[in-house]
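Report on the structure
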Amino acid sequence: MVNLLLLEVIQLGLIFIPIIIIYIVYKLIRKRFDYLSTEIVHMVFLFYVFILIYIVWFYLPVALGYININIIPFYTISDYAKAVFAGDISIRIAGVNLLGNILLTLPIGAYLYFNRVSFKKTTAAAILIPVVIELGQLLLHYIGLATRSVDIDDIILNFIGILSGYYLAKVCKFVKKSKYIDLGDY
């Protein structure tokens with residue numbers, strides 16, 4: 001399954017090349033480039049967003065006749081804890097599912113910090129982005145393209161991931177904030 005995901009990521013990478021070209025053309029038209037290292041961060045983030053969308057909405061797209069919806073906070077998290085303690089599932093499975101939701105959105109927070117987005121706006125994004133992800137999963141189910149569970153706990157874990165990424169970027173001294181080079185009329 002990991003090899004299948006790796007193959008699909010490579011295929012998506014090849015599809016992503018036109019997006020990079022469009023990004024570069026857009027920057028050329030605007031005549032506004034960042035420093036090379038900053039531009040690389042922007043392109044890597046675009047690739048990350050592309051992969052994120054694929055993972056949360058289209059990876060293993062099976063359209064079922066039903067959808068699991070959880071609107072009770074911490075229900076799924078406590079279910080995983082109970083299942084681990086009862087020996088029904090391994091801690092690895094629970095960890096991948098729970099920590100995976102946090103790690104999945106960690107780069108968003110780091111990117112927002114990198115781009116000098118305030119903590120207040122980052123908090124708003126940390127609420128909005130996971131909600132959009134879950135609503136997208138619900139929409140894809142209703143139009144018959146894919147079925148993923150819709151879970152308030154995913155929103156909570158993604159929120160934690162975004163804010164954690166923001167704080168990690170803030171703490172790490174190697175993360176430099178974005179600066180623009182205005183090319184003007186060149």
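Up top is the structure.
The structure displayed is predicted, hence computed values, not measured ones.

Re the packing of aromatic side chains
By the definition in use, this model includes six aromatic pairs. A centroid spacing of 5.3 Å and a plane angle of 90° characterise the contact between Tyr113 and Tyr166, whose relative ring orientation is edge-to-face. Here Tyr166 lies in helix α6 (residues 152-171) and Tyr113 lies in helix α4 (residues 91-114), a separation of 53 residues in the sequence. Residue Tyr113 is classed as buried on the basis of its relative accessible area of 13%. With a centroid separation of 5.7 Å and an interplanar angle of 55°, the aromatic rings of Phe119 and Tyr166 are classed as tilted. Taken together, the positions of Phe119 in helix α5 (residues 119-142) and Tyr166 in helix α6 put the pair 47 residues apart, joining distant regions of the chain. A residue is classified by how much of its surface remains accessible, and Tyr166, at 6% relative accessible area, is buried. Here the aromatic cluster, defined as three or more aromatic residues joined through ring pairs, consists of Tyr113, Phe119, Tyr166 and Tyr167.

What about the nonpolar core?
Judged by nonpolar contacts, the single largest core of 15 residues is most densely connected at Leu52, Val56 and Ile108. Of all the secondary structure elements, the ones that give two or more residues to this core are α2 (36-58), α4, α5 and α6. A total of five residues in this core trace back to one element, the largest contributor, which is α2. Those residues in contact with Leu52 that lie beyond four places of it in its chain are Leu104 and Ile108.

Focus: the environment of Phe45
Along the polypeptide, Phe45 turns up in helix α2. Sequence spacing of Phe45 and Pro107 is 62 residues, and the spatial spacing of their C-alpha atoms is 7.9 Å. Here Phe45 is in contact with Pro107, Ile108 and Tyr111, once residues within four sequence places are set aside.

Thresholds, definitions, all that
- Residues numbered from 1 in each chain as written.
- Predicted model: local features only at pLDDT ≥ 70, side-chain atom pairs only at ≥ 80, totals over all residues.
- Heavy atoms only, no water.
- Phe/Tyr/Trp six-rings, centres within 6.5 Å; stacked < 30°, edge-to-face > 60°.
- Helix = DSSP H or I, 4+ residues; strand = E, 2+ residues; numbered from the N terminus.
- Buried < 20%, exposed > 50% of the residue type's maximum accessible area, 1.4 Å probe, protein only.
- Core = buried A, V, L, I, M, F, W, Y, C linked by side-chain atoms within 4.5 Å.
- Contact = heavy atoms within 4.5 Å.

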